[in-house]
Amino acid sequence: PLGPGRKVLDAVQAAFGPGGAVPGRYPFGVLGDLTDAIAAKFKVKRENVLIGTGSTQVLRTATQVFTSKTQALVGTIPTYEECAGYAELIGSPVRGVALDKEFRMDLDAMAAAARGAGLVFYCNPNNPVATAVGAKPTEDLIAKVLRDSPQTTFLVDEAYFDYATDPSYGTMLPLALENPRVIVARTFSKAYGMAGLRLGYAIGHPKTIKQMADWEGAGS
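Attention here is on the structure that accompanies the text. (Residues numbered from 1 in each chain as written. Predicted model: local features only at pLDDT ≥ 70, side-chain atom pairs only at ≥ 80, totals over all residues. Heavy atoms only, no water.)

**Topic: the side chain of Thr79**
And step 1. Along the polypeptide, Thr79 turns up in the loop between strand 2 (73–77) and helix 4 (82–90).
And step 2. By relative accessible area, Thr79 is classed as buried at 15%.
And step 3. Separated by 2.7 Å, the side chains of Thr79 and Asn126 make a polar contact.
And step 4. Excluding anything up to four places from it in sequence, Thr79 contacts Phe121, Cys123, Asn126, Asn127 and Pro128. (Helix = DSSP H or I, 4+ residues; strand = E, 2+ residues; numbered from the N terminus. Buried < 20%, exposed > 50% of the residue type's maximum accessible area, 1.4 Å probe, protein only. Polar contact = N/O pair within 3.5 Å; in protein donor to acceptor, adjacent residues only side chain to side chain. Contact = heavy atoms within 4.5 Å.)

**A few points about the sheet that holds strand 1 (residues 49–52)**
And step 1. Taken in spatial order, the seven strands line up as 1-7-6-5-4-2-3 in an open sheet, and their pairing is mixed. With one partner strand each, in any of the chains shown, strand 1 and strand 3 (94–98) form the two edges of the open sheet. Averaged over all adjacent pairs, the angle separating strand axes in this sheet is 25°, with direction ignored.
And step 2. As judged from the four bridges shared by strand 5 (residues 153–157) and strand 6 (residues 182–187), these two strands associate in the parallel manner. By the bridge assignment for strand 6, Asp157 is matched with Ala185.
And step 3. Its contacts with the sheet place helix 6 (residues 135–148) against strand 4 (119–123), strand 5 and strand 6, and it is angled at close to 155° to strand 5. (Pairing = 2+ DSSP bridges. Axes fitted to C-alpha atoms, helices over the stretch in contact; angles between N-to-C directions.)

**Thoughts on the side chain of Ser92**
And step 1. Topologically, Ser92 is positioned in the loop between helix 4 and strand 3.
And step 2. Side-chain polar atoms of Ser92 contact the backbone nitrogen of Ser68, separated by 3.4 Å.

**Quick look at the packing of helix 3 (residues 54–66) against helix 4**
And step 1. For the pair helix 3 and helix 4, the least separation of the axes is 9 Å and the interaxial angle reads 45°. The angle between helix 3 and helix 4 places the two elements in the oblique class. Every pair of crossing elements has a handedness; the one defined by helix 3 and helix 4 is right-handed. Residues Thr56, Leu59, Arg60, Thr63 and Gln64 of helix 3 lie in contact with helix 4, whose contacting residues are Glu82, Cys83, Tyr86, Ala87 and Ile90.
And step 2. Classifying every residue of the contact of helix 3 with helix 4 by side-chain character gives five nonpolar, three polar and two charged. (Parallel < 35°, antiparallel > 145°, perpendicular 65-115°, else oblique. Left-handed = near helix turned anticlockwise from the far one by under 90°. Nonpolar A, V, L, I, M, F, W, Y, C, P; charged D, E, K, R; others polar.)

**Examining the packing of aromatic side chains**
Aromatic ring pairs: the centre-centre distance and the angle between the two ring planes describe each pair.
And step 1. Taken as a whole, this structure holds six aromatic pairs when the rule is applied.
And step 2. Linked through ring pairs, Phe42, Phe188, Tyr192 and Tyr201 together constitute an aromatic cluster.
And step 3. Lying across the ring of Phe42, Lys41 places its NZ or CZ 5.7 Å from the centre.
And step 4. A cation over an aromatic ring shows up here: Arg186 above the ring of Phe161, its NZ or CZ 4.1 Å from the ring centre. (Phe/Tyr/Trp six-rings, centres within 6.5 Å; stacked < 30°, edge-to-face > 60°. Lys NZ or Arg CZ within 6 Å of the ring centre and 35° of its normal.)

**Some remarks on the environment of Leu31**
And step 1. Here Leu31 lies in helix 2 (residues 28–42).
And step 2. Along the chain, Leu31 and Gly52 lie 21 residues apart, while their C-alpha atoms are 9.6 Å from each other.

Printed below as a string of C-alpha cells:
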C-alpha cells in the first residue's frame, strides 16, 4: 500500500523524461542491466536469470513449455490463478488439490497428484490464503515429486517471499540453481510496489532458463 520508494520514483520519472524511454515499451538495453543487477544481487550468473513482464509472463511461459495435453498442471485450490487459467486456455489438463481445513497445502495430496504431471505450481507463501510451508517440508516434497515423477517440473512462486514471517520458511533458490526441474519466480509487483512497471523474473538452472527463453524467442 505504500508504493515504491522515493529513489525508485525518481529513477522511473527520469527514465521517462525528455529523450528517455517510451511508456508502454520495454527498453531492451535496460532489461540487460536489470538482468545483471538481479544476477549480482543473488550471486548467480546471467544465464540463471530470465526477465518477464511481471511474474505473469514467467508463469505463462513455464506453463506453455512444461505442460501439454498429456502432461497436466498441478496446483492447489485456491491459489494464484494464472497458471491454471493459462493451462486451460492452451488445452492442458489441470489437477486441482484442495487445501486442508487450516488453508494449508496438503503435501501428500500434491505429491500424489504430481505423478505424471508436466508442471507443479507451488505458490509459497500462498496467494490468496496467506499460509506458507517451511523450507524443509517443501524440499522434501520436491524431492519426492522428482523421484516419483522425474519428467515433472516444479515452479515455486515466491512473489510473497518478503512477507513471510514463519522462521521455518525459506527460499528454493539454491535448489533451482542446481536442479533443472526446479524454477523460482519472483516479482517487483508486491513488496517493491512496482506493479505498473510489469517486472518479474525467474531464477533457475541455465538449461531450464534457456529452454524458457528459447520458447519466448520463438513465440515473439
